[in-house]
Structures are given as C-alpha cells and as structure tokens.
Amino acid sequence: MCVTAVESRPAGVALAPSPGGHRPYGARVKAFVALTKPRIIELLLITTIPVMFLAAQGVPDLWLVFATTFGGYLSAGGANALNMYIDRDIDALMDRTSQRPLVTGMVSPRECLVFGISLAIVSTLWFGLLVNWLSAGLALGALLFYVVVYTMLLKRRTSQNIIWGGIAGCLPVLIGWSSVTNSLSWAAVILFAVIFFWTPPHYWPLSMKVKDDYARVGVPMLPVIASNQVVARQIVLYSWVMVGVSLLLTPLGYTGWFYLSVALLAGGFWLWEAHGLQNRARAGVTGAKLKEMRLFHWSITYVSLLFLAVAVDPFLR
C-alpha cells in the first residue's frame, strides 16, 4: 500500500502539524493517491481486463479497455477513500493502518469525504457516458455495497463481514463483461462466484497475522473470535468450493484446455497450501511457524494466473 508517513510513531498518535500548518505539495499528492488504495485496485483490474478478452473472444477495443479500467480505478478509489473516512477512528489505533493519510494529518477528514464523493460521481458519469449505463450501475453498486454494507454495517458487527462484504470485490468481473457486451452471462457469473469464494481464504490468513490489531479495535474478524483450527477449517472449505467453481467454465463451453490446465494446477497448489495451514493449526503451531502468510501471498498469485488464463484461452481455441 502506498503510504505517506514521514516519521515513525506509535499507533494512535496523530502526526504533529508542521510549523504554520504547511503540508508539502508532493506529499499531499501522494496522500490523495494513497486514499484510493492503489495496491487493492491492482487486484480489481487483474480480474476486470481478462474478462473483457473472454467476452470479446479476442482482443477487445483498446479504448474501451482504457475507459473501463480508468473508470474502475476512479470508482474503487472513491470507495476506498470513503472507507478510510469512516474507519479513521480505528485506523489510528491499528499498527498496519496507523500511517494512512487521515491518521497522519496529511489529508483532513473533510477533504477525504469530498474527494471520495467526487470520485464516486465522476466515475459513474464516466462509465455511463463512455462505456454503458449497465456498467455504470454495477460500478456504483459495488461502491455503495463496499461503503455502506461492508464498512458501515458489517465490518464492526459480524465475523461474516469479509464473506458478504467481499461481494463488492466480485463486481469488477461483471463490469468487465458488461463493458464489452452491455449484458451479463453465466461465464461472468461463474467468475463472480470464483472471486466470492476466493475472498475469505485470501483475507483470513492476513487476518490471522494481524488479529491483535483487529481485537484492539473490536473488529470481529473470524480469527479474532475463533481458534486457528476453526479459521483454517473454514479456509479449506472455501478453497475447495472456489476451485470447484473455477472448473465449471470449461465443461460449459466458455473456455478450453489452456484455462482448464491452469485452473487445475493453480487450484491444486492452492489446496496443498490450504491443507498445509490446516495441518499446522491442528498441531497447535503458532507464531511465525504457522506460515499463514504463505497462503495469503499465493492467493494473489493464484488469482493473477487464473485470470491471465481467462485472457489467453480465447486465442488457443
């Protein structure tokens, strides 16, 4: 994640303003970019662009690719900025978020709120006028779901937060398909389901690593309220469903041998890692030896390989 911290400090301690309240222009620009959470948006684009290739059964219009990805960046960036505005109280208390722009004081809450709302409006109009209104509606729906349903309603109330809140991260798949076809299909729905079942086992290992942070601020992520054994069992369950769903595209005729091969190999390695984590948790392993971040890092590689196969497969059929 791009951050704008200029000094080390304990979590929860606000950055003292510089003399005269001066905030360097370059640092301010970086801070506003950081509000959009660029690293998270990279993952969203990894799932959007390949689906456009599948929908077009080849190379989609390159202007359309740019318009869709840029609009997606604006929309997701607006959602992330509004998320930071709402969560600024707990961000100040968590180690991993204590250097975010609102906490350091590089961006004020009012500026963040205006920035997030502006991106939401601009992105919706951008999609509607330059792509199509179906994609615009889906993008706005993803933004509102992430901000209202996940951040405001679920995150601080239930351990199911990442499961249902993850729907917002699934919608870019539908946006990519609709931007090309101005419609939806079962292929898009299947890939939506892949990301839906991918999100919990992707995020729970990270939550296991930083569960003390979440416990400190009262956010009931599953690893906070359940043992490592329970979390690992849930990770394995979701992983099997995810891999199974990913294999549906080929028998239904949407992809061929190349995608199926990648899905089998990448999915098989995922399951190996997931069961390895479960075995270590069952054995009572804790700390660094639990190696929960191995699955987290592989999850990013997995989704990148799978969707790369989605993009390449039309050229090999």
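Criteria and cut-off values
- Residues numbered from 1 in each chain as written.
- Predicted model: local features only at pLDDT ≥ 70, side-chain atom pairs only at ≥ 80, totals over all residues.
- Heavy atoms only, no water.
- Helix = DSSP H or I, 4+ residues; strand = E, 2+ residues; numbered from the N terminus.
- Rg over C-alpha atoms; globule rule 2.2 N^0.38 Å.
- Buried < 20%, exposed > 50% of the residue type's maximum accessible area, 1.4 Å probe, protein only.
- Contact = heavy atoms within 4.5 Å.
- Patch = residues over 30% accessible without salt bridge, like charges linked within 9 Å, V, L, I, M, F, W, Y side chains within 5 Å.
- Areas by Shrake-Rupley, 256 points an atom, 1.4 Å probe, with all protein chains shown as cover.
- Salt bridge = Lys/Arg side-chain N within 4 Å of Asp/Glu carboxyl O.
- Core = buried A, V, L, I, M, F, W, Y, C linked by side-chain atoms within 4.5 Å.
- Expected span 1.5 Å × (residues − 1).
- Axes fitted to C-alpha atoms, helices over the stretch in contact; angles between N-to-C directions.
- Parallel < 35°, antiparallel > 145°, perpendicular 65-115°, else oblique.
- Left-handed = near helix turned anticlockwise from the far one by under 90°.
- Nonpolar A, V, L, I, M, F, W, Y, C, P; charged D, E, K, R; others polar.
- Polar contact = N/O pair within 3.5 Å; in protein donor to acceptor, adjacent residues only side chain to side chain.

Participant: What is the right way to look at the overall build of the protein chain in this model?
Facilitator: On a plain count of helices and strands, the protein chain comes out with 15 helices and zero strands. In terms of C-alpha radius of gyration, the protein chain reaches 20 Å, essentially the compact-globule figure of 20 Å for 317 residues. Expressed along its principal axes, the backbone C-alpha trace of the protein chain runs to roughly 65 × 55 × 30 Å. Scored against the burial criterion, the 317 residues of the protein chain give a buried share of 55%. Sequence separation of at least 24 residues holds for 76% of the intrachain contacts in the protein chain that already meet a minimum separation of 6.

Participant: Sorry if this is basic, but what is going on with a nonpolar patch on the surface here?
Facilitator: On the surface, Trp63, Phe66, Phe70, Ile117, Ile121, Leu125, Leu129, Leu130 and Trp133 cluster together into a nonpolar patch covering about 920 Å² of accessible area. Listed by contribution, the elements that provide at least two residues to the nonpolar patch are helix H3 (62–86) and helix H6 (109–130). When residues of the nonpolar patch are assigned to their parent elements, the largest contribution, five residues, is made by H6. Tracing the sequence through the fold places Leu125 in helix H6. Residue classification places Leu125 among the partly exposed residues on the basis of a relative accessible area of 42%.

Participant: So what exactly am I meant to see when it comes to the nonpolar core here?
Facilitator: Within soluble globular proteins, side chains that are nonpolar tend to cluster in buried spots. By size, the foremost hydrophobic cluster in this structure holds 84 residues, and its most contacted members are Leu191, Trp198, Trp204, Ile235, Trp270, Tyr302 and Phe307. Per-element tally for this core: the top contributor is helix H10 (residues 186–209), with 14 residues. Ranked by size, the runner-up nonpolar core spans nine residues in total, among them Ala31, Leu35, Leu102 and Cys112.

Participant: Explain helix H2 (residues 38–56) here, please?
Facilitator: For the α-helix, the turn length of 3.6 residues means that residues three or four positions removed from each other point alike. The end-to-end C-alpha distance of H2, which contains 19 residues, comes to 27 Å, matching closely the 27 Å that a straight helix rising 1.5 Å per residue would cover. The set of residues buried in H2 consists of Pro38, Ile41, Leu43, Leu44, Thr47, Thr48, Pro50, Val51, Met52, Phe53, Leu54 and Ala55. The inward-facing, buried residues of H2 contact helix H1 (25–35), H3, helix H9 (167–181), H10 and helix H15 (292–312). One or two steps after H2, the chain reaches Gln57, where phi turns positive at roughly 50°.

Participant: I would appreciate a short explanation of unusual backbone geometry in the present structure.
Facilitator: Keep in mind that most residues, glycine aside, have a negative phi and that most peptide bonds are trans. A positive phi angle is found at Lys37, which is not glycine, with a value near 55°. The phi torsion at Lys291 lies on the positive side, around 55°, for a residue other than glycine. Following the sequence through the fold, Lys291 ends up in the loop between helix H14 (257–282) and H15. Exposure remark for Lys291: the relative accessible area of 41% places this residue in the partly exposed category.

Participant: Help me understand the environment of Thr250 in this model?
Facilitator: Within the fold, Thr250 resides in the loop between helix H13 (228–246) and H14. Thr250 sits in the buried class, given a relative accessible area of 17%. In this structure the C-alpha to C-alpha distance between Thr250 and Thr47, which are 203 residues apart in sequence, comes to 18 Å. The residues touching Thr250, leaving out its near neighbours within four places in the chain, are Thr255, Gly256, Tyr259 and Leu260.

Participant: Would you mind showing me how to read the packing of H10 against H13 here?
Facilitator: Pairs of packed helices are described in terms of their axes, by the angle between the two and the distance that separates them. Where H10 meets H13, the closest approach of the two axes is 9 Å, and the angle between their N-to-C directions is 155°. As far as their axial angle goes, H13 and H10 are roughly antiparallel. In the packing of H10 onto H13, the handedness of the crossing is left-handed. Together, Ile190, Ala193, Val194, Phe197, Trp198, Pro200, Pro201, Trp204, Pro205 and Met208 of H10 and Asn228, Val231, Gln234, Ile235, Tyr238, Ser239, Val241, Met242, Val245 and Ser246 of H13 make up the contact between the two elements. Across the contact of H10 with H13, the residue classes tally to 16 nonpolar, four polar and no charged.

Participant: Help me out: how do you make sense of the pattern of salt bridges in this one?
Facilitator: Pairing between side chains of opposite charge can happen when the charged atoms of each approach one another. Throughout the structure, instances matching the rule amount to nine salt bridges. Between Asp91 and Arg100 there is a salt bridge whose closest N-O contact spans 3.2 Å. The class of Arg100 is buried, set by a relative accessible area of 13%. Through salt bridges with shared partners, a single network forms among Asp87, Asp89, Lys155 and Arg156.

Participant: How do you make sense of H3 when you look at a structure like this?
Facilitator: Across its 25 residues, H3 extends 36 Å between first and last C-alpha, which sits within 8% of the 36 Å expected from 1.5 Å per residue. Where H3 begins, the capping side chain belongs to Asp61, and its oxygen is found 3.1 Å from the backbone nitrogen of Trp63.

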